[in-house]
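Summary of structural features
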Amino acid sequence: MLKIGNLVLKVPFIQAPLSGYSDYAMRRLALDFGAPLTFAGVMLAKSAAHPKILRKPDFQPHEDEHPVGAQIFDNDMAMMVKAAKDLQDTGYDIIDLNFSCPTPKVVSRKRGGWMMNDPDIVLETYKRVRDVVTCPLTIKVRIGFDSSEYSYDYFYEIVSEVSRLGIDAITIHGRTVEQRFTGPSNWDILAKVKDEFPNLTIIGSGDLFEPVDIINKLKTSKIDGVQIARGAVGNPWIYKGLIDVWEGKPAPETPNLAEQAEIMKKHFDMISKLYDRKKTVWYFRKFVVRYCRLHPMRKHVLRSLIAAKTGQELIDSIDHWYSDNEKVKSD
Ligand SMILES: Cc1cc2nc3c(=O)[nH]c(=O)nc-3n(C[C@H](O)[C@H](O)[C@H](O)COP(=O)(O)O)c2cc1C
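This structure is a prediction, so every number in the text was calculated from the model and none was measured. (Residues numbered from 1 in each chain as written. Predicted model: local features only at pLDDT ≥ 70, side-chain atom pairs only at ≥ 80, totals over all residues.)

1. Looking at the overall build of the chain
- The secondary structure content of the chain amounts to 15 helices and 11 strands.
- Here the chain, with 331 residues, has 47% of them falling under the buried criterion.
- Sequence-distant contacts in the chain: of pairs separated by 6 or more residues, those separated by 24 or more amount to 67%. (Helix = DSSP H or I, 4+ residues; strand = E, 2+ residues; numbered from the N terminus. Buried ≥ 20, exposed ≤ 12 C-beta atoms within 10 Å, placed from the backbone. Contact = placed C-beta atoms within 7 Å.)

The structure is reproduced here in structure tokens:
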């Protein structure tokens, strides 16, 4: 069980916010496979605070997906406050403030991860948003902006102060902002922080791909939960695997080809309902790349699926490659 404010989650595995990926379709699949909470990708507060933009379907939570979280970033505190309140009022169940995004376009505008350079602004933003929203409120940070000592001190200052303020939870990605996604995520730091702040609810992030390894990281660091990010792209089965291993069962086998095909088609069907038809095949490709990794003939399958130009061609290709193992081997 994982408690984040008034949210009580049966298992401590959350679908991470993933910009460009964790739309309703991905979130719905994560829920179907057992994730007790999912997040939409980060939104710029200035956009989320704009009524016309907030009313767009992409920004709205769906009725059948609660609890669902929204995440925002901005260097404008008033915008963060307004966006958080508006997102809560539009139906999101939890708000997360992003101080972790390393994208150059974001960092160069002093948003997201750049803010790890300024603990005062991070803490003031958190306090002001806390004053106006009643739903659970969390923040996501990295272990510093870069590997300098003062950068770590800033990280430490943020963690100790939000802990003192009784934050609902903090998500820590065990890399610096400067590292972006290179090098291993530092789980020792997460364990150290948990040891020092045992009452702080800590969600870990970074290099979470395999159920057995994830449960091991969770148990050895003694943190409270994890955010599954790249590990869930084209692999919603990861949640079922996590629950099995968490309950002491063996890790499940890779889903068979028929199951893989069923979920890919379901995913594509949801995407087709969410977006303009012209965009769907192209948009789905980034998921196809990941789904194919589970197929024994991934290179051939990927080449064929990526070549599909229409939805029907994609479905035909899935039907061909995923119909049965024996046929595929002789192709
Ligand atoms: C394509 C992509 C988009 C991401 N978008 C977000 C985002 O919107 N908000 C966020 O907090 N983290 C975002 N992240 C970071 C992930 O949530 C996660 O913290 C990071 O990928 C480390 O976990 P992993 O190594 O298990 O993937 C993104 C990562 C990737 C690869």
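2. What to know about the pairing of strand 10 (residues 202–205)
- Both faces of strand 10 are covered, namely the face carrying Ile202 and Gly204 and the face carrying Ile203 and Ser205.
- Alignment of strand 9 (residues 169–173) against strand 10, held across four bridges, turns out to be parallel. What sits directly across from Ile172, in strand 10, is Gly204.
- Where strand 10 and strand 11 (residues 225–228) come together, two bridges link them in parallel fashion. Residue pairing across strands places Gly204 opposite Val226, the latter belonging to strand 11.
- Crossover connection from strand 10 via helix 9 (residues 211–221) to parallel strand 11: handedness right-handed. (Pairing = 2+ DSSP bridges. Right-handed = clockwise from strand over helix to strand, strands pointing away.)

3. Describing the site of the ligand
- Taken together, 22 residues sit near the ligand, with Ala16, Ser19, Val42, Ala229 and Arg230 positioned nearest.
- Considering only residue class, the shell around the ligand consists of seven nonpolar, 12 polar and three charged. (Near = placed C-beta within 6 Å. Nonpolar A, V, L, I, M, F, W, Y, C, P; charged D, E, K, R; others polar.)

4. Let's talk about the pairing of strand 9
- With five of five residues buried, strand 9 is to be regarded as a mostly interior element.
- Where burial is concerned, the two faces of strand 9 agree: the one with Ala169, Thr171 and His173 and the one with Ile170 and Ile172 are both buried.
- The pairing of strand 8 (residues 137–142) with strand 9 spans five bridges and is parallel. By the bridge assignment for strand 9, Ile139 is matched with Ile170.
- You can see the chain leave strand 8, run along helix 7 (residues 149–165) and come back into strand 9, and the turn it takes is right-handed.
- Following the backbone out of strand 9, through helix 8 (residues 187–196) and into the adjacent parallel strand 10, one traces a crossover that is right-handed.

5. Looking at unusual backbone geometry
- A cis amide bond links His66 to the next residue, Pro67, at an omega of 0°.
- By secondary structure assignment, the location of Pro67 is in the loop between helix 3 (51–54) and strand 6 (68–73).
- In the Ramachandran plot, Lys110 falls in the positive-phi region, its phi being about 60° despite a non-glycine side chain.
- With respect to the helices, strands and loops of the structure, Lys110 is situated in the loop between helix 5 (104–107) and helix 6 (119–132).
- The exposure class of Lys110 is partly exposed, given the 14 C-beta atoms found within 10 Å.
- Residue Lys222 is not a glycine yet carries a positive backbone phi of 65°.
- By the element assignment, Lys222 lies in the loop between helix 9 and strand 11.
- With 12 C-beta atoms counted inside 10 Å, the residue Lys222 sits in the exposed group.

6. A word on helix 1 (residues 24–32)
- Counting buried positions over the nine residues of helix 1 gives seven, a clear majority of the element.
- The set of residues buried in helix 1 consists of Tyr24, Ala25, Met26, Arg27, Leu29, Ala30 and Leu31.
- Its buried side turned inward, helix 1 meets strand 3 (13–15), strand 4 (37–39), strand 6, helix 10 (237–246) and helix 11 (257–274).
- Immediately beyond the C-terminal end of helix 1, within one or two residues, lies Gly34, with a positive phi of roughly 115°.

7. A closer look at the environment of Ile315
- For Ile315, the position within the fold is in helix 14 (residues 311–322).
- Residue classification places Ile315 among the partly exposed positions, given that 16 C-beta atoms sit within 10 Å.
- Put simply, Ile315 and Met264 are 51 residues apart on the chain and 9.1 Å apart in space, counted from C-alpha to C-alpha.

8. Remarks on the domain arrangement of the chain
- Taken domain by domain, the chain consists of domain 1 (2–246) and domain 2 (257–330).
- Taking only C-alpha atoms, the centre of domain 1 and the centre of domain 2 are 30 Å apart.
- Each partner contributes residues to the interface: domain 1 has nine residues there, and domain 2 has nine residues.
- When its residues are assigned to classes, the side of domain 1 that touches domain 2 shows five nonpolar, two polar and two charged. (Domains from an automatic or database assignment.)

9. What about the nonpolar core?
- With 100 residues, the main nonpolar core has Ala45, Ile72, Met80, Ala83 and Ile170 as its most contacted residues.
- Looking at which domains feed residues into this core, each of domain 1 (2–246) and domain 2 (257–330) supplies at least three.
- Setting aside anything within four residues of it in sequence, one finds Ile170 in contact with Thr138, Ile139, Val141, Val159, Val162, Leu200 and Ile202. (Core = buried A, V, L, I, M, F, W, Y, C linked by C-beta atoms within 7 Å.)

10. Looking at helix 9
- Residues of helix 9 that are buried: Pro211, Ile214, Ile215, Lys217, Leu218 and Ser221. Along the axis of helix 9, the buried positions cluster into a sector of 155°, meaning they face one direction only. Seen from the buried face of helix 9, the exposed residues on the opposite side, beyond 90 degrees, are Val212, Lys219 and Thr220.
- Where helix 9 is buried, its residues contact helix 8, strand 10, strand 11 and helix 10.
- Immediately beyond the C-terminal end of helix 9, within one or two residues, lies Lys222, with a positive phi of roughly 65°. (Arc of directions from axis to C-beta.)

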